[in-house]
Amino acid sequence: MRHYLAPFEAHGHTRQPLSDASSPVVDLGGLAPTLGRTCSGYLGGYRRAFEDAVRRGDPGVLTARSHARALDGLLSALFCAADAATRALGKTPRGRVALVAVGGYGRSTLGLYSDVDVVFLSDDSDDPFVGALAEGLLYPLWDLGVDIGHAVRSVEETLRLAREDIRTTTTLIDFRRIAGHGALLDDLERGAREQVFEPHLVEFLSALEHDTALRHRRFGGSLYLLEPDVKQGRGGLRDMDVAEWAARARWGARNEQDYVRTGALLAREVRELEDAREMLWRVRNLLHLRAGRQQDRLTFGDQEEIAQELGFVDGVTLGVEQFMQAYYRHARIVALTAERMLDRARPRNRATTFRKLAHGIILADGSITLENPQRLDGDPALAFRFYHQATRHRKRPDHSALDAIARIAPDKRWRLRLQDSEEATQLFLALLKNVDESAFRSGSMVAELHEVGLVSAMIPEFEPLVGRVYHDVFHVYTADIHAIKALERLQALTRGESGMRSLAARLAAEAPRRIPLFLAVLLHSLGRTRGRDQEEAGARMAESVALRLGLSPVDAQHVRWLVQNQKTLYRWATQRDIHDPQCLRKVVSIVETPERLRDLFLCTIAIISTINPDGITSWKARALEDLYLATLADLESGSAPIQTENRVLEVKLQAVVGFAGDAGQAELQSFIDEMPDRYFLANPVDVVRRHARIARDRGAELVTVRVGPGPSEDVEEIVIVSADRPGLLADLTAVFAAHDLSILTAQIYTRARKMGDEAFDVFWVKVGDHTPMPAQLAEDLKEDITRRLTNRISAQDLIARQSTPPPWSVRPGPKVSTHISVDNNASSRYTVVDVFTKDRVGLLHEIARTLHELNLSIAVSKVNTEGQRVADVFYVADEHGQKLRDPERLKRLQRALYDRIIALHARAEVR
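Residues numbered from 1 in each chain as written. Predicted model: local features only at pLDDT ≥ 70, side-chain atom pairs only at ≥ 80, totals over all residues. Heavy atoms only, no water.

Colleague: Help me understand the overall build of the protein chain, please; the structure alone is not making it clear to me.
Modeller: Within the protein chain, the regular secondary structure consists of 37 helices and 16 strands. On the principal axes, the C-alpha backbone points of the protein chain span a range of 110 × 75 × 50 Å. Taken across its 911 residues, the protein chain has 55% of its residues classed as buried. Considering only intrachain contacts with a sequence separation of at least 6, the fraction spanning at least 24 residues in the protein chain is 72%. When the accessible surface of the protein chain is split by element, carbon and sulfur atoms take 50% of a total near 38,900 Å². Of the side-chain charges in the protein chain, 121 are positive and 126 negative, and the distance between the mean point of each set is 2 Å. (Helix = DSSP H or I, 4+ residues; strand = E, 2+ residues; numbered from the N terminus. Buried < 20%, exposed > 50% of the residue type's maximum accessible area, 1.4 Å probe, protein only. Contact = heavy atoms within 4.5 Å. Areas by Shrake-Rupley, 256 points an atom, 1.4 Å probe, with all protein chains shown as cover. Lys, Arg positive; Asp, Glu negative; His and termini not counted. Charge placed at Lys NZ, Arg CZ, Asp CG, Glu CD.)

See below:
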């Protein structure tokens, strides 16, 4: 393993002679001029055979082992030749010497472009004979471009290094003789056992555990990365090595039979581990073949093509999603095996103090453990009893007890007995609704239950979610882990950990019935295992689970409703104008009661906020909260039309009252009189007053720009006032693009004035670290808008200024389809156009320009970005200010937008 060979490894293809001479003492190439061609033909033939085997789909491990055997043949032949040539020069060895494979090569598995590491093991590492032999063997390999790390060491030096740096002891586990004196390896193995493993086993395991944790953090930490590293990442091949190193150090286990015989692994666990090894090696071999070099990161592009290579085809779910689910399931087995093996290998001290806590549960030396793990088989509820006592007493759980539960949890017959146990069911529900922080390693009870397999054991419908991926760059977790994370977030809110969401925390703490809400969040993704109508299918399954767990029909129906409507509030908040009375009436008709609204709001916050670290931005949270409060007010008042009218009058009156003492009373009053009702529904009183003063102070300038605080720290409000003209919004979007400003929402208004129509547009934009201060940003925007309005710069030239990363720095992501829909039911006054497509520079400008060319005006726009996918919404009206009712015109609208967006994508791909 190269990491542990760092003191002597060769880097790249660079020669590192073992002496200061400019040429080797033993020059096999000079002695046999055809040697290079012969070796090249040998390696080339085997490499082609290796590539053919990978393309045919031959077993991955078998292929990697055949590659190692081919290299064994070459190295052993070169060793014999170098040994004979060195002796022919009159040199004789002072003792024994052997060529030893270490690392992955020592484990007899080599990828197509894997590193090769060897040790020249000898009785005397300073022996000139050994140095000459090593150079004679290595120079022909370097000439062939073989990347080979090497060292010359004696047995004692190797053992000393292992004692000084315990991590180096992995070299003592992976060594394998290629040529030379085998007795040297016997001495090394005996010394390793007597001088390193037996006296320093605990230190070795601790160092190995620490090094593994550091490596995991270096390669992303999570098992479920979007683009995992199949070698170094969590659940990769290196974790498999860790499990084997621990077993070898503790029990001397070398093969599957040894694992079972010593109790290190069950026969079932051995089979699962070998299946995982096969999957990882098949993937790694294909990665190397595709890249033509050592490449261990499974990128999005690789995933789609390797899925096809491995026979995964699109069906109910995409073939690539099926492949990644299989990959993550295998990787999870490897990761858990490595963690548990490190724990199993630690010698156990006999407990000195005992106290019985419950039937089958004891407190031993401060740790909660099982009195007799064998009782789990006949008493399945003992598993949940163990976790209940650990939570109740807030004591650290014993790893051997966790291990015993994890080993029995996959047993199908045991699972059936567990599901039939009334005690187990009640304990499971009690643990589910418990919000106290646990003493478990993860800090989460539900995560621990999932880790050992008890969630799937209790709810078999959850099992298909394990490892199931969302093939996009928005979801960072698999379906099962997202469900666990969402429930953890809800539990944290219930504990009062609000973060920036004090409303959600207050509502969660006040929720009287936790079980239906918590269960709905846990089960929200069940429909992912179905093709069409996922929410409805998942809702039916969730209701069935709830009834089986003993919930009342009313509570089970509530679980079903929450799962079925889990995306409702999010869609209305981010893709509709929540200040439109018709929108509000629709939401009210869905939720019906304040209690259902509260639970759906909490369910939405928990699910959306855990999709990824930025899943719920501050403006999305604000939109959800505004929708919740508006809907609650409507539910409590019971009269939407009257409430809407009263709201408009109330805002106008309070705004006018606040103008007392201001200059320009007539201009302020005209602003209030001329702005449409929907403006007063969308803006609070203080904002209305600020906007009125901006309009009053405009003067005779061509354009007025003001930048002020938005609804959150990372969002600013930009108000633009100018003479209205066709296509103005398209021009403004080009200016915003030039300044790297991402529009989140746009309110577009027109005031009919004596001197002509005036545009009063309000934008919320996302700002970054390099966004200028508000005053400077306003000046910069004003200058570019003026230049555009006076035709001194084109929209295309403005968009070209937008900073974009170079193409080579952008990782390819999964394909994002383009879809255009129109909705004439969401608003009483406007046709709503939804645009779903891949995010591109200039996209918003192209959409606005297309709508302008179709003689449509935009009243409201919302922009929602989810990874590389955007969901842009436009409330539009025709030239008469009416909805589009002609079916043919609606079709032309959809076609025009689709064609324009596809053309934009095509131009971007060419660039």
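Colleague: Please explain the sheet that holds strand 6 (residues 361–364) as it appears in this structure.
Modeller: Within a sheet, adjacent strands bond to each other through the backbone by hydrogen bonds, running parallel or antiparallel. If you trace the 4 strands from one edge of the open sheet to the other, you get 5-6-7-8, paired in mixed fashion. Of all the strands in the sheet, just strand 5 (354–358) and strand 8 (396–397) have a single pairing partner and so form its edges. Two elements, strand 5 and strand 6, share 4 bridges in a ladder whose sense is antiparallel. Within the sheet, the bridge partner assigned to Lys 356 lies in strand 6 and is Ile 362. Its contacts with the sheet place helix 14 (residues 382–393) against strand 5, strand 6, strand 7 (367–370) and strand 8, and it is angled at close to 170° to strand 7. Helix 15 (residues 399–408) contacts strand 7 and strand 8 of the sheet and is inclined by roughly 40° relative to strand 7. (Pairing = 2+ DSSP bridges. Axes fitted to C-alpha atoms, helices over the stretch in contact; angles between N-to-C directions.)

Colleague: How should I be thinking about the side chain of Asp 398 in this particular structure?
Modeller: Relative to the helices and strands, Asp 398 is located in the loop between strand 8 and helix 15. On the basis of relative accessible area, Asp 398 is assigned to the buried category, the value being 18%. Side chain to side chain, Asp 398 and Thr 369 meet in a polar contact 3.4 Å long. Ignoring anything within four residues of it in the chain, the contact list for Asp 398 reads Ser 367, Ile 368, Thr 369 and Phe 386. (Polar contact = N/O pair within 3.5 Å; in protein donor to acceptor, adjacent residues only side chain to side chain.)

Colleague: How should I be thinking about empty space enclosed by the protein in this particular structure?
Modeller: Space left empty within the atom packing is revealed by a probe, the size of a water molecule, rolled over the atoms. Tallied over the entire structure, the rule returns 3 cavities of 30 Å³ or more. Taken as a whole, the largest cavity encloses approximately 90 Å³ of empty space. In this structure, the largest cavity is lined by 15 residues; those nearest its centre are Leu 225, Leu 226, Tyr 328, Val 469 and Tyr 470. Taken together, the elements giving at least two residues each to the lining of the largest cavity come down to helix 12 (300–309) and helix 13 (319–344). A breakdown of the residues in the lining of the largest cavity according to their chemical character gives 10 nonpolar, 4 polar and 1 charged. The volume enclosed by the second largest cavity comes to roughly 60 Å³. Val 100, Val 102, Val 119, Leu 121, Arg 153, Thr 158, Thr 171, Phe 175 and Leu 188 are the residues that line the second largest cavity. Sorting the residues of the lining of the second largest cavity by element identifies strand 1 (97–102) and strand 2 (116–122) as the ones contributing at least two each. (1 Å grid on protein atoms, 1.4 Å probe; cavity = no way out; pocket = protein on both sides within 12 Å on 5 of 7 lines; lining within 4 Å. Points joined across faces, edges and corners; volume = space filled by probe spheres on them. Nonpolar A, V, L, I, M, F, W, Y, C, P; charged D, E, K, R; others polar.)

Colleague: Explain helix 32 (residues 685–696) to me, please; I cannot follow it from the model alone.
Modeller: A turn of α-helix holds 3.6 residues, and therefore any two residues three or four places apart point the same way. Over its 12 residues, helix 32 runs 17 Å from end to end, which matches the ideal 16 Å to within 8%, given 1.5 Å per residue. Taken together, the buried positions of helix 32 are Val 685, Val 687, Val 688, His 691, Ala 692, Ile 694 and Ala 695. (Expected span 1.5 Å × (residues − 1).)

Colleague: So what exactly am I meant to see when it comes to the pattern of salt bridges here?
Modeller: One side chain can pair with another of opposite charge once the charged atoms of both are near each other. Per the stated rule, a full pass over the model turns up 72 salt bridges. When the shortest N-O distance is used, the salt bridge between Arg 190 and Asp 187 registers 2.6 Å. Of this pair, Arg 190 and Asp 187 both sit in helix 8 (residues 182–218), 3 residues apart, which is roughly one turn of the helix. The class for Arg 190 is partly exposed, based on a relative accessible area of 44%. Since its relative accessible area comes to 23%, Asp 187 is described here as partly exposed. Residue Arg 254 pairs with Glu 189 through a salt bridge whose shortest N-O separation is 2.2 Å. Highlighted residues: Arg 254 in the loop between helix 9 (237–251) and helix 10 (256–262) and Glu 189 in helix 8, separated in sequence by 65 residues. Judged by its relative accessible area of 34%, Glu 189 is partly exposed. Here the salt bridges do not stand alone but share partners, grouping Glu 667, Glu 674, Arg 698, Arg 751, Arg 753 and Glu 758 into one network. (Salt bridge = Lys/Arg side-chain N within 4 Å of Asp/Glu carboxyl O.)

Colleague: When you look at the sheet that holds strand 14 (residues 831–838) in this model, what are you seeing that I'm missing?
Modeller: If you walk across this open sheet you meet the 8 strands as 9-10-12-11-15-16-14-13, and the pairing is antiparallel. Because the sheet does not close on itself, it has two edges, and the strands there are strand 9 (703–709) and strand 13 (819–823). Averaged over all adjacent pairs, the angle separating strand axes in this sheet is 15°, with direction ignored. Examined bridge by bridge, strand 14 and strand 16 (residues 869–877) share 8 bridges and lie antiparallel to one another. Within strand 16, the position partnered with Lys 838 by the bridge is Arg 869. In the packing of helix 28 (residues 618–637) onto the sheet, contacts are made with strand 10 (715–723), strand 11 (742–751) and strand 15 (857–866), and the angle to strand 15 comes to roughly 120°.

Colleague: How should the packing of helix 24 (residues 553–564) against helix 27 (residues 594–608) be read in this particular structure?
Modeller: Between two packed helices, both the angle of their axes relative to each other and the distance between the axes serve to describe the pair. Two elements in contact, helix 24 and helix 27, have axes whose closest approach is 10 Å; the angle formed by their N-to-C orientations is 55°. Classified by the angle between their axes, helix 24 and helix 27 sit oblique to one another. Relative to helix 27, helix 24 is oriented so that their crossing is right-handed. Across the interface between the two elements, His 558, Trp 561 and Leu 562 from helix 24 touch Arg 596, Asp 599 and Leu 600 from helix 27. Of the residues contributing to the contact of helix 24 with helix 27, the split by class is 3 nonpolar, 1 polar and 2 charged. (Parallel < 35°, antiparallel > 145°, perpendicular 65-115°, else oblique. Left-handed = near helix turned anticlockwise from the far one by under 90°.)

Colleague: Is there a simple way to think about helix 12 in this case?
Modeller: Listing the buried residues of helix 12 in full gives Phe 300, Asp 302, Gln 303, Ile 306 and Ala 307. Down the axis of helix 12, the sector holding all buried residues measures 145°, keeping them to one side. Contacts from the buried residues of helix 12 go to helix 11 (267–291) and helix 13. Among the residues trailing helix 12, Gly 311 stands out with phi positive, at a value near 90°. (Arc of directions from axis to C-beta.)

Colleague: Could you clarify how one ought to interpret the pairing of strand 15 in this entry?
Modeller: Counting buried residues along strand 15, 8 of its 10 residues qualify, which places the element largely inside the surrounding structure. With 3 bridges connecting them, strand 11 and strand 15 associate as antiparallel partners. Its bridge partner lying in strand 15, Gln 747 is registered against Val 860. Judged from the 9 bridges that link them, strand 15 and strand 16 form a sheet pairing that is antiparallel. Across the sheet, the residue bridging to Ile 858 is Val 876, located in strand 16.

Colleague: Would you mind showing me how to read the packing of aromatic side chains here?
Modeller: Geometry of an aromatic ring pair is reported as the spacing of the ring centres plus the angle between the planes. This model, assessed by the stated rule, comprises 14 aromatic pairs. With centroids separated by 5.4 Å and ring planes inclined at 65°, the aromatic side chains of Tyr 139 and Trp 142 adopt a geometry described as edge-to-face. Here Tyr 139 pairs with Trp 142, and both are found in helix 5 (residues 128–143), just 3 residues apart, close to one helical turn. Plain terms: the ring middles of Tyr 327 and Tyr 328 are 5.7 Å apart, the flat faces sit at 75° to each other, and that makes the pair edge-to-face. Given the relative accessible area of 3%, Tyr 328 is considered buried. Of the aromatic side chains, those joined through ring pairs into one cluster are Phe 671, Tyr 679, Phe 680, Tyr 749 and Phe 760. Over the face of the ring belonging to Tyr 113 we find Arg 47, whose NZ or CZ atom lies 5.0 Å from the ring centre. One Lys or Arg, Arg 176, reaches over the ring of Tyr 105 and ends 5.2 Å from the middle of that ring. (Phe/Tyr/Trp six-rings, centres within 6.5 Å; stacked < 30°, edge-to-face > 60°. Lys NZ or Arg CZ within 6 Å of the ring centre and 35° of its normal.)

Fair warning: the whole summary comes from geometry, so function is off the table for now.
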